[in-house]
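# Residue-level structural notes
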Amino acid sequence: MREYLKFYIDGQWVDPVEFKTVETINPATEQVSGKIALGSTADVDKAVKAARKAFATWSRTTREQRLEVMQRILVQYQARSAEIAEAITEEMGAPASLAGSFHIGLGLGHLNTAMEVLKNFQFEEQRGATRIVKEPIGVCGMIAPWNWPINQITVKVFPALAAGCTMVLKPSQESHFSAQIFAEVMDAAQVPAGVFNMIQGKGSVVGAAMSRHPDIDMISFTGSNPAGVEISKDAAATVKRVCLELGGKSANIVLDDAAFAENVRKGVTGMMVNSGQTCSATSRMLVPKARMSEAIAAAREAAAAVTVGDPKGNVAMGPVVSKAQFNSIQEYIHKGVDEGATLVAGGVGRPEGLSKGFFVKPTVFANVSNSMVIAREEIFGPVLVIIGYGNVDEAVQIANDSEFGLAGNVAGADLDKARAVARQIRAGWISINDGFDFHAAFGGYKKSGNGREWGEFGFHEYLEVKSLLGYVPG
Ligand code: NAD
């Protein structure tokens, strides 16, 4: 049992202003796993005050001073990695192997990338007589989701820190433990008091207070569309910058010339990673209509190979995060059956042999039409839909026929053809044959958001641009 009843404000672990707690549930066992404190508007005020005070000095630190602090964080992060991974497994059910590799690795990747970028980042440039200066935006409010908890925190905190900003972080109430250890890492690394502050709590209370706060200069939000809309409305009166990283329903176009069965299998296995709770998951697989039965055979084989069970053990997939998430996914699976899609693997109910825990069967539907609910809405669970296309133009049209535009993948042997298809997809993060890069810009088109994180692009979210005209006398 873990008890995390203090917040990290102004370099200290402090009691909440009002004492309210909530029990946390382990999704694999459905047992109480601990207790956390829930913050209030008064806690937000305290944290913002500390961040504002710290901004005066942190914003004026040199590149070298920030790198020194980040180097200390790196040492502490590495020292606590195993504990963070364990916490992730316990709070949101990621298998130990996944938590210890990808979850931890993403955090490390964002830290190393932010340090690399900072070393050469151009904070100033001369354009004729004008000096363009990029200055830290100020106090940042960061509101994060639970699905890749440490990734979502680090992708915000490190670029903001490198840019010279101070911050108040509100992690998700579903991924409290890893966030707490992360704050301990920042404390142990002696990040100057007030630069990084963390409050646990509800979105509707702590998150909303941050969005409305007149002394928070920008909000970086990752999460669902409805919450993104609420945050934008709450923030509007203060005209602060709001960077949104929202949901997706991304397409994986398997071209006719691809190593077909292999790519279908890869697409299925990839969809089940993190129990399908990945914003950029390619949850719509597009295959040539004429090869649908081949795709079904390969998908069935791949789904059957996905082991599900106790995330502390050697499994590919653990539970989904919560009862609410489990119920919502079950409803979608029912809908898929009712809509007449072909159930290739999985289905409603828990996998065989599991009577407790929020475990979902790795599920694949084929012969899906893009107008079905299961093809249009983000299920955020281990459910893949396979849609047939007549020709490549139709594949592109189907991929783009979505209110989302976050990510995608194009699998094909002819690189020029794959590139041409990738260029036509209206989304922000398109892999060609599963390409990956920490320095690429991550973010969405359309209802998937308006922000760009990762690498150098993440820095710009935390910077204001100032023009100093007549800087060089004419
Ligand atoms: P969520 O929107 O329920 O919660 C995200 C965070 O917002 C939490 O910290 C929550 O407490 C807070 N929040 C909720 N309502 C709020 C409000 N009115 N005001 C302020 N804060 C509020 O999302 P979730 O269930 O934690 O995460 C899943 C969603 O996140 C999915 O839609 C997924 O696609 C999306 N996501 C997007 C990305 C991306 O980079 N685009 C990455 C990961 C997850």
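From a predicted model like this one, the values you see are computed outputs, not experimental measurements.

### Comments concerning the domain arrangement of the chain
For the chain, the assigned domains read domain 1 (2–246 + 448–468) and domain 2 (251–443). The gap between the C-alpha centroids of domain 1 and domain 2 is 30 Å. The junction of domain 1 with domain 2 conceals about 2,800 Å² of combined surface from both sides, 60% of it contributed by carbon and sulfur atoms. Of all residues in domain 1, Glu 30, Ser 448 and Trp 454 bury the most surface against domain 2, accounting for 22% of the area lost on that side.

### Some details on the side chain of Thr 154
Inspection of the secondary structure assignment puts Thr 154 in helix H4 (residues 149–163). A distance of 2.7 Å separates the side chain of Thr 154 from the backbone oxygen of Ile 150, its partner in a polar contact.

### Here's the deal with the site of the ligand
Close to the ligand lie 28 residues; Ala 144, Gln 173, Ser 224, Leu 246 and Glu 378 are nearest. Between the ligand and Trp 146, the relevant distance is 2.9 Å, taken from an oxygen atom to a side-chain nitrogen or oxygen of the residue. Between the ligand and Lys 170, the relevant distance is 2.9 Å, taken from an oxygen atom to a side-chain nitrogen or oxygen of the residue. In the complex, 87% of the free accessible area of the ligand, which totals 840 Å², lies under the protein chains. Across the shell around the ligand, the residue classes tally to 14 nonpolar, 10 polar and four charged. When residues of the shell around the ligand are assigned to domains, at least three fall in each of domain 1 (2–246 + 448–468) and domain 2 (251–443).

### Examining the packing of aromatic side chains
Scanning the entire structure with this criterion turns up 15 aromatic pairs. Ring plane angle 55° and centroid distance 5.0 Å describe the contact between Trp 429 and Trp 454, whose orientation is recorded as tilted. Of the two residues, Trp 429 is situated in strand S20 (residues 429–432) and Trp 454 in the loop between strand S21 (445–446) and helix H14 (455–461); the sequence distance between them amounts to 25 residues. A relative accessible area of 12% means that Trp 429 is categorised as buried. Here the aromatic residues Tyr 8, Trp 13, Phe 158, Phe 182 and Phe 196 are joined through ring pairs into a cluster of three or more.

### A word on helix H1 (residues 41–58)
Taking 1.5 Å of rise per residue, the 18 residues of H1 would be expected to cover 26 Å, and the 25 Å separating its terminal C-alpha atoms lies within 8% of that figure. Among all positions of H1, only Asp 43, Val 44, Ala 47, Val 48, Ala 50, Ala 51, Ala 54, Phe 55 and Trp 58 are buried. Buried residues of H1, viewed axially, fall in a sector of 165°; they line one side. More than 90 degrees from the buried face of H1, the exposed residues found are Lys 49 and Lys 53.

### Remarks on a nonpolar patch on the surface
Taken together, the side chains of Met 1, Ile 25 and Val 32 define a hydrophobic patch exposed on the protein surface, amounting to about 310 Å² of accessible area. Looking at the secondary structure, you find Val 32 in strand S5 (residues 32–37). By relative accessible area, Val 32 is classed as partly exposed at 33%.

### A word on the pairing of S20
Covered by surrounding structure in S20 are Trp 429 and Ser 431 only, the residues Ile 430 and Ile 432 on the alternate face being uncovered. Where strand S19 (residues 407–411) meets S20, four bridges bridge the pair, whose relative direction is parallel. Across the sheet, the residue bridging to Gly 408 is Ile 430, located in S20. Crossover handedness for the path S19 to helix H13 (residues 415–424) to S20: right-handed.

### A word on the pairing of strand S9 (residues 166–170)
Burial within S9 is extensive, with five of its five residues counted as buried. Here S9 shows no split at all, with Thr 166, Val 168 and Lys 170 on one side and Met 167 and Leu 169 on the other all buried. Where strand S8 (residues 139–143) lies against S9, five bridges are found, and the strand directions are parallel. Bridged to Met 142 within S9 is Leu 169. Pairing analysis gives three bridges linking S9 to strand S10 (residues 196–198), with the strands arranged parallel. The residue of S10 that forms the bridge with Leu 169 is Met 198. Crossover S9 to S10 through helix H5 (residues 176–188) is right-handed.

What counts, and at which threshold
Residues numbered from 1 in each chain as written. Predicted model: local features only at pLDDT ≥ 70, side-chain atom pairs only at ≥ 80, totals over all residues. Heavy atoms only, no water. Domains from an automatic or database assignment. Buried area = accessible area lost by both parts, 1.4 Å probe. Helix = DSSP H or I, 4+ residues; strand = E, 2+ residues; numbered from the N terminus. Polar contact = N/O pair within 3.5 Å; in protein donor to acceptor, adjacent residues only side chain to side chain. Near = heavy atom within 4 Å. Areas by Shrake-Rupley, 256 points an atom, 1.4 Å probe, with all protein chains shown as cover. Nonpolar A, V, L, I, M, F, W, Y, C, P; charged D, E, K, R; others polar. Phe/Tyr/Trp six-rings, centres within 6.5 Å; stacked < 30°, edge-to-face > 60°. Buried < 20%, exposed > 50% of the residue type's maximum accessible area, 1.4 Å probe, protein only. Expected span 1.5 Å × (residues − 1). Arc of directions from axis to C-beta. Patch = residues over 30% accessible without salt bridge, like charges linked within 9 Å, V, L, I, M, F, W, Y side chains within 5 Å. Salt bridge = Lys/Arg side-chain N within 4 Å of Asp/Glu carboxyl O. Pairing = 2+ DSSP bridges. Right-handed = clockwise from strand over helix to strand, strands pointing away.

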